[in-house]
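Notes for the structure review
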Amino acid sequence: MALRRLDLTFPPLQATKPITYHLVKDFGLTPNILRAQIQPGQQGRMLVEVTGAKAAIDKGIRFLEHEGVLVGAAASDIVLDEEQCVTCGLCTSVCRPEALTLTDDTRELRFDKDQCVYCEACVIACPRRAITLEF
Ligand code: SF4
Ligand code: SF4
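Note that the structure is predicted; figures quoted are calculated from it, not measured. (Residues numbered from 1 in each chain as written. Chains lettered and ligands numbered in written order. Predicted model: local features only at pLDDT ≥ 70, side-chain atom pairs only at ≥ 80, totals over all residues. Heavy atoms only, no water.)

1. Let's talk about the packing of aromatic side chains
- Following the criterion strictly, the structure yields one aromatic pair and no others.
- Pairing F27 with F63 gives two aromatic rings, centres 5.5 Å apart and planes at 45°, and the pair type is tilted. On the criterion of sequence distance, the pair formed by F27 in the loop between helix 1 (19-25) and strand 2 (30-37) and F63 in helix 2 (residues 54-66) is long-range, its members being 36 residues apart. (Phe/Tyr/Trp six-rings, centres within 6.5 Å; stacked < 30°, edge-to-face > 60°. Helix = DSSP H or I, 4+ residues; strand = E, 2+ residues; numbered from the N terminus.)

This is the structure we're talking about:
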């Protein structure tokens, strides 16, 4: 079994197609949607973790590309600019897996890479642009 984290960009006319249904039914894959911004008639974006046989994942990716979906590798790490961070905690409040936490005593920002799903919520939330994704 293999796991790939994919960053999918949908052209406006494809945004509402049941893509994940096809990944399950046609390729036997298990998609786990980490983040999605999909609206009818607009370009959509989805961050998805796909589990399955490596060959099936490759076929699934080819299917997506054939459907006009832009398939990119998702981020594999986040980088914190400590000079910019003011430990306001906004990023921790949007981090659902609690990969980012503030220590009670020193209000130090901690990052647990094992918990992070690279959803980008913290990147968007940070008013100081102190967090960036690394690919
Ligand atoms: S939101 Fe930005 S400035 Fe605030 S704690 Fe998080 S990284 Fe630091
Ligand atoms: S990208 Fe940021 S908000 Fe999303 S899980 Fe990782 S640390 Fe949390």
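2. Things to note about the site of ligand 1
- The immediate surroundings of ligand 1 are formed by 14 residues, with C85, C88, G89, C91 and C126 found nearest.
- Residues of the shell around ligand 1, tallied by class, amount to 11 nonpolar, two polar and one charged. (Near = heavy atom within 4 Å. Nonpolar A, V, L, I, M, F, W, Y, C, P; charged D, E, K, R; others polar.)

3. Quick look at the site of ligand 2
- Not every one of the 13 residues close to ligand 2 is listed here, only the nearest: C95, C116, V117, C119 and C122.
- Tallied by class, the residues present in the shell around ligand 2 amount to 12 nonpolar, no polar and one charged.

4. Side note on the domain arrangement of the chain
- Domain annotation of the chain identifies domain 1 (2-73) and domain 2 (77-134).
- The distance between the C-alpha centroids of domain 1 and domain 2 comes to 27 Å.
- Of the roughly 520 Å² buried where domain 1 meets domain 2, counting both sides, 48% is carbon and sulfur surface.
- The largest share of the area that domain 1 buries against domain 2 comes from R5, L34 and R35, three residues that together contribute 70% of it.
- At the junction of domain 1 and domain 2, the tally comes to one salt bridge.
- Measuring nitrogen to oxygen at the nearest pair gives 2.9 Å for the salt bridge that ties R45 to E120.
- On inspection of domain 1 and its partner domain 2, the count reaches two residue pairs in polar contact (both at pLDDT 80 or more).
- For the side of domain 1 that touches domain 2, the secondary structure elements donating two or more residues are strand 2 and strand 3 (44-52). (Domains from an automatic or database assignment. Buried area = accessible area lost by both parts, 1.4 Å probe. Salt bridge = Lys/Arg side-chain N within 4 Å of Asp/Glu carboxyl O. Polar contact = N/O pair within 3.5 Å; in protein donor to acceptor, adjacent residues only side chain to side chain.)

5. Here's the deal with helix 2
- Between its first and last C-alpha, helix 2 extends 18 Å over 13 residues, near the 18 Å set by a 1.5 Å rise per residue.
- Three or more residues of helix 2 are buried, namely A56, I57, G60, I61, F63 and L64. Buried residues of helix 2 fall within an arc of 160° about the axis and therefore sit on the same side. For helix 2, the exposed residues set more than 90 degrees away from the buried face come down to K54, A55, R62 and H66.
- Directly after helix 2, the chain includes G68, whose backbone phi takes a positive value near 90°. (Expected span 1.5 Å × (residues − 1). Buried < 20%, exposed > 50% of the residue type's maximum accessible area, 1.4 Å probe, protein only. Arc of directions from axis to C-beta.)

6. Here we look at the environment of D104
- You can see D104 is positioned in the loop between strand 6 (100-102) and strand 7 (109-111).
- Along the backbone, D104 and G41 are 63 residues apart, and their C-alpha atoms lie at a distance of 45 Å.

7. Things to note about the pattern of salt bridges
- Inspection of every chain in the model, using the stated rule, returns seven salt bridges.
- Notably, a salt bridge pairs R45 with D7, separated by 2.6 Å at the nearest N-O pair. Taken together, the residues R45 in strand 3 and D7 in strand 1 (residues 2-10) connect sequence positions 38 residues apart.
- Its relative accessible area of 30% is what places R45 among the partly exposed residues.

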